[in-house]
Amino acid sequence: RLQVPRSTLLRNVETEENAEEAVESEATPSAAAATATVVPKPTTTSNNKPTIKISQDRIEKATKERPYPLFLAEKTASLFLDSFSPSNNNNLPSPLSTTPKENIVILGTGWGAAAFLKNIDTDKFDVTVISPRNYFVFTPMLAGASVGSVDFKSITEPIREINNNVRYLEAAATDIDPTTNTISCIAIVCEGNSCETKEFDVNYDRLLFSVGAQTTTFGTPGVEEYCNYLKQVGDAQQIKNAIVSCFESAGLPDLTEAEIQKELTFVIVGAGPTGIEFAAELLDFIEENGPRYYKQLLPYVRIKIVEAAPSILRPFEDGMKDEAIRRLTRTMEIEGVATLRPCEILLNKQVSEVTANYIYFKDGDKIQYGMSLWAAGIGPLPITTNMVEALEETEQKGAQEFARGRLGVDPWLRVIGGKGEVFAFGDCSCVSNTPMLPATAQVASQQGEFLGKLFSNDYRVDAGGGDGQLVPPVVADPNQSKSFSEQIASFAMGESEIAAPFQYLDLGILAYTGSGSALAQVQVAPGKGDPTSETWNPVRLQIKGKLGFGLWRSIYLWKQTSPKNVVLVTLDWIKVKLFGRDISIL
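The structure reproduced in this document is the subject of the present report. All figures in this text were calculated on a predicted structure; none of them were measured in a lab.

Focus: the state of the cysteines
- Counted under the stated rule, the structure contains one disulfide.
- The partner cysteine of cysteine 190 in its disulfide is cysteine 195, sulfur to sulfur 2.0 Å. The S-S bond linking cysteine 190 to cysteine 195 shows a torsion near 105 degrees; that makes this disulfide right-handed.
- Take cysteine 195: its relative accessible area is 2%, and that puts it in the buried class.

Quick look at the structure:
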């Protein structure tokens, strides 16, 4: 038996994280499709999987991007009209399941998994969720939680509360064998203060791989030992304690001014949305609560944002980036304190090493610091790498040319080489027929919703073309009713039997810049051609300042998983306004 706290053991086996930073990488289309001719009825192979012949022309036509106006109409119908649809799909037996029902296993409890659980029909499938974290966390608000703007419990929701008809296993997946459809897991079992690990296997009919990604250090020495991350609730709790500890340490007697400034220097590596929003929240803490608790220490505070690229907030337009810089580097007027301008942005600075007291740069500079946050990018988790290696003898090996460490998936999010039994979405996947999608909660959520509806609406997802290749998911019965959104998608494709592939709707991006100001960049219409090209120029609505802040708060409230979270977050904002942020070290 291991005499180790349970929370520590869980952290050591944790396998999922939610990322908000985009990964710079190029994608190349994959030709994972079958060529054949159309026949009226599917046949059945020796492994009981249907064989359906679909011509290459039909496949290419189905995988083309649907026209934007029709795609908007499809998404609008899905949001507002499908619940009134005359579709009787819910009364059909699932073509994927017999008695007993097929078992779907989901790895992860992030954005994609939560969206899937909200849309899956549990009358047709037995659903099991495996994760060391038994709750969903609203990751965009972790920056606020790390300085006390919201409470940690206000932005979490138990996974059983999202869908109480699913089975949840508090464990971490350590290995997957796609040949036997087996997942090896490890769990922590505790009796009193004594804990031990327990290993077990779980079998699946369909595996949904939604483990997210982890912070990547790019091999920089010292990052793992001395830098904080901001991916989980535990990270935010640790950062909150570290910030307060820095101020308390700086207030001790007999410190020189240089030692005080060192303790109150906060370095943020990475100027994407996570790094910028954390800097903004920290500035708010200093400006709003600093005068009350640490007034004599405020002149020594330094916040340094370090970015290897020549600009911050890469997804935003140049004018919005300039606005963010202006807001972050603003001058603070605090009564009884000399004029403060604590934030500095350092561009084109690459970190070479991190030690306990210094951050070194490749140009020879160094910064002495009290606390550091690393928010410089993401990479695949070990379980994702293991899965890619397990499929090395399949078409997945070729898919790695565009997936680059992620799991390559086809337009219907089926893992290439996974025989239609393994699906992947979110930060751990890369879609073959689109440019590299940003590693954001928005993408993962849309993909999870897409898969939930694909399964629930009775599509054959594992039919083969008779030559060992999967064909696109097709309806179980060509005469079955469809929802309004499905009808619009079929019209847009000119195809009534093939399921519409996943298509990402860019709803825009948000970033809080501090002092009641935020950026909101909303895409009104897409550009023409390849989104990765310089000529791609979408129509975007740019909102900033107080109006952007109002939109930022409204959307964050709207996207909460339950009315309870909406109430709790609203009360937290009111509480901070009336009484300030809590500075207890817990």
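Quick look at unusual backbone geometry
- Residue aspartate 254 is not a glycine yet carries a positive backbone phi of 70 degrees.
- If you trace the backbone, aspartate 254 turns up in the loop between helix 8 (233–250) and helix 9 (257–263).
- Residues other than glycine seldom take positive phi values, yet leucine 313 does so here, at roughly 45 degrees.
- Given a relative accessible area of 0%, leucine 313 falls into the buried group.

Quick look at the packing of aromatic side chains
- Summed over the entire model, instances satisfying the criterion amount to 16 aromatic pairs.
- Judged by centre distance (6.1 Å) and plane angle (85 degrees), the ring pair of phenylalanine 116 and phenylalanine 455 falls under edge-to-face. Separated by 339 residues along the polypeptide, phenylalanine 116 in helix 4 (residues 111–119) and phenylalanine 455 in helix 15 (residues 441–456) bring together distant segments of the chain. You'll find phenylalanine 116 and phenylalanine 455 in the same group, each marked buried.
- Counting every residue linked through ring pairs, the aromatic cluster contains Trp111, Phe136, Phe138, Tyr512, Phe549, Trp552 and Tyr556.
- We note lysine 349 situated over the ring of phenylalanine 361; from NZ or CZ to the ring centre the distance is 4.8 Å.

Focus on the nonpolar core
- Phe209 and Phe278 are the most contacted members of the largest nonpolar core, which has 140 residues in total.
- Per element, the largest residue contribution to this core is nine residues, and it comes from helix 8.
- Not counting the four nearest positions on each side in its chain, phenylalanine 278 is found in contact with Ala143, Ser146, Val147, Leu230, Ile239, Ile243, Ile268, Met371 and Leu373.
- Counting 13 residues, the second largest nonpolar core, distinct from the first, contains Val223, Val269, Ile359 and Tyr369.

Let's talk about a nonpolar patch on the surface
- A surface patch of nonpolar side chains, amounting to about 720 Å² of accessible area, comprises Leu79, Phe80, Leu81, Phe84, Phe484 and Trp558.
- For tryptophan 558, the position within the fold is in helix 17 (residues 545–558).

Observations regarding the side chain of aspartate 410
- With respect to the element layout, aspartate 410 can be found in the loop between strand 21 (407–409) and strand 22 (422–424).
- On the basis of relative accessibility, which here comes to 6%, the residue aspartate 410 falls in the buried class.
- Within the structure, aspartate 410 has its side chain in polar contact with the side chain of arginine 414 (distance 2.8 Å).

Here's the deal with helix 15
- Over its 16 residues, helix 15 runs 22 Å from end to end, which matches the ideal 22 Å to within 8%, given 1.5 Å per residue.
- Counting buried residues along helix 15, 14 of its 16 residues qualify, which places the element largely inside the surrounding structure.

Description of the packing of helix 4 against helix 15
- In contact at an axis separation of 7 Å, helix 4 and helix 15 are set at 30 degrees when each is read in the N-to-C sense. Considered as vectors, helix 4 and helix 15 are oriented roughly parallel to each other. Regarding helix 4 and helix 15, the two cross each other, and that crossing is right-handed. On the side of helix 4, the interface is formed by Trp111, Gly112, Ala115, Phe116 and Asn119, while helix 15 contributes Ala441, Ala444, Ser445, Gly448, Glu449, Leu451, Gly452, Lys453, Phe455 and Ser456.
- Looking at the contact of helix 4 with helix 15, its residues break down into seven nonpolar, six polar and two charged.

Observations concerning the sheet that holds strand 16 (residues 351–354)
- Spatially, 16-17-18 is the arrangement adopted by the three strands of the open sheet, whose pairing is antiparallel. On the outer flanks of this sheet lie strand 16 and strand 18 (366–368), each paired with one strand and no other. Recorded for the sheet is a direction-independent mean angle of 20 degrees between the axes of neighbouring strands.
- Sheet analysis places strand 17 (residues 358–361) next to strand 18, joined by three bridges and oriented antiparallel. Along strand 18, the bridge assignment pairs tyrosine 358 with glutamine 368.

Quick look at the pairing of strand 26 (residues 509–512)
- By the bridge criterion, four bridges tie strand 26 to strand 27 (residues 518–525) in an arrangement that is antiparallel. Bridge assignment links alanine 511 to a residue of strand 27, and that residue is leucine 519.
- Taking the residues between adjacent antiparallel strands as the criterion, strand 26 and strand 27 are bridged by five residues, where glycine 514 takes a positive phi near 95 degrees.

Rules behind the numbers
- Residues numbered from 1 in each chain as written.
- Predicted model: local features only at pLDDT ≥ 70, side-chain atom pairs only at ≥ 80, totals over all residues.
- Heavy atoms only, no water.
- Disulfide = S-S within 2.5 Å.
- Buried < 20%, exposed > 50% of the residue type's maximum accessible area, 1.4 Å probe, protein only.
- Helix = DSSP H or I, 4+ residues; strand = E, 2+ residues; numbered from the N terminus.
- Phe/Tyr/Trp six-rings, centres within 6.5 Å; stacked < 30°, edge-to-face > 60°.
- Lys NZ or Arg CZ within 6 Å of the ring centre and 35° of its normal.
- Core = buried A, V, L, I, M, F, W, Y, C linked by side-chain atoms within 4.5 Å.
- Contact = heavy atoms within 4.5 Å.
- Patch = residues over 30% accessible without salt bridge, like charges linked within 9 Å, V, L, I, M, F, W, Y side chains within 5 Å.
- Areas by Shrake-Rupley, 256 points an atom, 1.4 Å probe, with all protein chains shown as cover.
- Salt bridge = Lys/Arg side-chain N within 4 Å of Asp/Glu carboxyl O.
- Polar contact = N/O pair within 3.5 Å; in protein donor to acceptor, adjacent residues only side chain to side chain.
- Expected span 1.5 Å × (residues − 1).
- Axes fitted to C-alpha atoms, helices over the stretch in contact; angles between N-to-C directions.
- Parallel < 35°, antiparallel > 145°, perpendicular 65-115°, else oblique.
- Left-handed = near helix turned anticlockwise from the far one by under 90°.
- Nonpolar A, V, L, I, M, F, W, Y, C, P; charged D, E, K, R; others polar.
- Pairing = 2+ DSSP bridges.

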